[in-house]
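Chain by chain, the residues run as shown.
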Amino acid sequence: MKITDPGMVDEYYQALLKRDREYLGLFVVGVTSTGICCLPTCRARKPKKENTEYFDSSAHALRAGYRPCKICRPTEGTEAPPVEVRRALQLAEESPAERVRDADLRAMGIGPATVRRWCQRNLGLSFHGYHRMLRINAAYGAIAAGRTVTDVALESGYDSLSGFRDRYKAVTGHTPSASGSAPLQLVHYRRLETPLGPMLAAADDSGLVLLEFSDRRMLETELNDIEHRLAAQLLPGDHEHLRTVERELAEYFAGQRQNFEVPLHLVGTEFQKSVWRVLLDIPYGETRSYRAQAQAL
């Protein structure tokens, strides 16, 4: 999306002049006089303000006709969260039951507006919305483990039991008591950074159900299909299979791994599953044509 708000344009131009790393992941600048798009930290000579356009991602800049800069390479992992956003996310993930207000972020030297914009664009919800979902995720685990709804509600930072029940049902579609008697199927998802760009990984207790580039247009449809086929609720959070695939991806891109060991939970039609199983037989470093794949199938 092209950014046209005058206030944001002024702010982003100043960030461009300062090569401010805190704005990485928030915008990509297109230089109309050269037809090139750059990251906020690019070392190239700075353009005049009237020769700049701002986009919320390198993909949108490319669609507008800009070529990626050869100095800063804006298409290679441009959406990594800025330092202050990473600190805010870490705070939410480590203390899901603790309320984090904008004033708390400011006290830590974190700009709430920066965090809010990044989360809205990359996670599809506000920072506080993400934090609330982490809180409900933790609450579900506690209830499923046998804790009482009242104890979990109080430990989750809710002032009233009714408020906790309403929020819990809004997120999961079930009441807390129903989840305790018949545990809800949960799929945890998390964003992963890779040299090829950010990816979204999702897993349940059976294995990895999704690993997809986060800018894929059909990603929302894929997530909805997973929820429907598994009768599950997608919640942001961590899982052992997500930690495994993150480690194995890092080893793969470092040239240290050829085979992945993370268990897979194939979610699709029987025909889709049969196609994916045959794909797993392609040896490392080799390719197979569609014709050969069809014959193998």
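Our subject is the structure listed above.
Residues numbered from 1 in each chain as written. Predicted model: local features only at pLDDT ≥ 70, side-chain atom pairs only at ≥ 80, totals over all residues. Heavy atoms only, no water.

Draft legend 1. Examining the overall build of the chain more closely. Across its full length, the chain carries 13 helices and nine strands. Here the chain holds 297 residues, and the buried ones make up 42% of them. (Helix = DSSP H or I, 4+ residues; strand = E, 2+ residues; numbered from the N terminus. Buried < 20%, exposed > 50% of the residue type's maximum accessible area, 1.4 Å probe, protein only.)

Draft legend 2. Region of the structure containing helix H11 (residues 240-253). Taking 1.5 Å per residue as the helical rise, H11 with its 14 residues ought to reach 20 Å, and the 20 Å between its terminal C-alpha atoms agrees with that figure. All buried positions along H11 are accounted for by His241, Leu242, Thr244, Val245, Glu248 and Leu249. Angular distribution of buried residues about the axis of H11 spans 155°; they occupy a single face of the element. Looking at the buried side of H11, the elements it contacts are strand S6 (185-192), strand S7 (199-204) and strand S8 (207-213). At the C-terminal side of H11, Gly255 shows a positive phi close to 75°. (Expected span 1.5 Å × (residues − 1). Arc of directions from axis to C-beta. Contact = heavy atoms within 4.5 Å.)

Draft legend 3. Quick look at the pairing of strand S9 (residues 232-236). Along S9, five of the five residues are buried, which leaves the element largely enclosed by surrounding structure. Where burial is concerned, the two faces of S9 agree: the one with Ala232, Leu234 and Pro236 and the one with Gln233 and Leu235 are both buried. Summarising the sheet, S6 and S9 pair through five bridges and their orientation is parallel. Each bridged residue has a counterpart across the sheet, and for Val187 the counterpart in S9 is Leu234. (Pairing = 2+ DSSP bridges.)

Draft legend 4. Quick look at the pattern of salt bridges. Within this structure, the stated rule accounts for 11 salt bridges. Across the pair Arg190 and Glu246 runs a salt bridge, and its minimum N-O distance is 3.0 Å. Of this pair, Arg190 sits in strand S6 while Glu246 sits in helix H11, placing them 56 residues apart in sequence. A relative accessible area of 35% means that Glu246 is categorised as partly exposed. When the shortest N-O distance is used, the salt bridge between Arg257 and Glu248 registers 3.8 Å. On the accessibility criterion, Arg257 (13% relative accessible area) is buried. (Salt bridge = Lys/Arg side-chain N within 4 Å of Asp/Glu carboxyl O.)

Draft legend 5. Just the packing of aromatic side chains, in detail. Counted according to the given criterion, the structure contains eight aromatic pairs. Consider the rings of Tyr12 and Tyr23, whose centres lie 5.9 Å apart with planes at 80°: the pair is edge-to-face. Highlighted residues: Tyr12 in helix H1 (residues 6-18) and Tyr23 in the loop between H1 and strand S2 (28-31), separated in sequence by 11 residues. For the pair shown, Tyr12 and Tyr23 are each scored as buried. Ring plane angle 75° and centroid distance 5.3 Å describe the contact between Tyr252 and Phe253, whose orientation is recorded as edge-to-face. Overall, Tyr252 belongs to the partly exposed group, its relative accessible area being 33%. Judged by relative accessible area, which is 34%, Phe253 ranks as partly exposed. Chaining the aromatic ring pairs together yields one cluster made of Tyr12, Tyr23, Phe27 and Tyr54. (Phe/Tyr/Trp six-rings, centres within 6.5 Å; stacked < 30°, edge-to-face > 60°.)

Draft legend 6. Molecular detail of the nonpolar core. Among the nonpolar cores identified, the biggest contains 30 residues, and Tyr12, Phe27, Tyr54, Leu89, Val115 and Phe127 are the most heavily contacted of them. Elements that contribute at least two residues to this core include exactly H1, helix H3 (83-94), helix H5 (112-122) and helix H6 (127-144). Of the residues forming this core, the biggest block, five residues, is contributed by H1. Formed by 13 residues, the second largest nonpolar core is a distinct cluster that contains Val187, Tyr189, Leu200 and Leu219. (Core = buried A, V, L, I, M, F, W, Y, C linked by side-chain atoms within 4.5 Å.)

Draft legend 7. Main features of the sheet that holds S7. On the basis of which strands lie adjacent, the open sheet formed by four strands has the order S8-S7-S6-S9 and mixed pairing. Only two strands of the sheet have a single neighbouring strand rather than two, namely S8 and S9. Averaged over all neighbouring strand pairs, the angle between strand axes comes to 25°, with direction disregarded. With five bridges connecting them, S6 and S7 associate as antiparallel partners. Bridge pairing in S7 places Arg191 opposite Leu200. The sheet contacts of helix H10 (residues 219-230) involve S6, S7, S8 and S9, and relative to S8 the element is tilted by about 165°. (Axes fitted to C-alpha atoms, helices over the stretch in contact; angles between N-to-C directions.)

Draft legend 8. Layout of the side chain of Gln293. Assignment of secondary structure puts Gln293 in helix H13 (residues 290-296). There is a polar contact of 3.3 Å between the side chain of Gln293 and the side chain of Arg288. Contacts of Gln293, omitting those with residues within four sequence positions, involve Val275, Val278, Leu279, Ile282 and Arg288. (Polar contact = N/O pair within 3.5 Å; in protein donor to acceptor, adjacent residues only side chain to side chain.)

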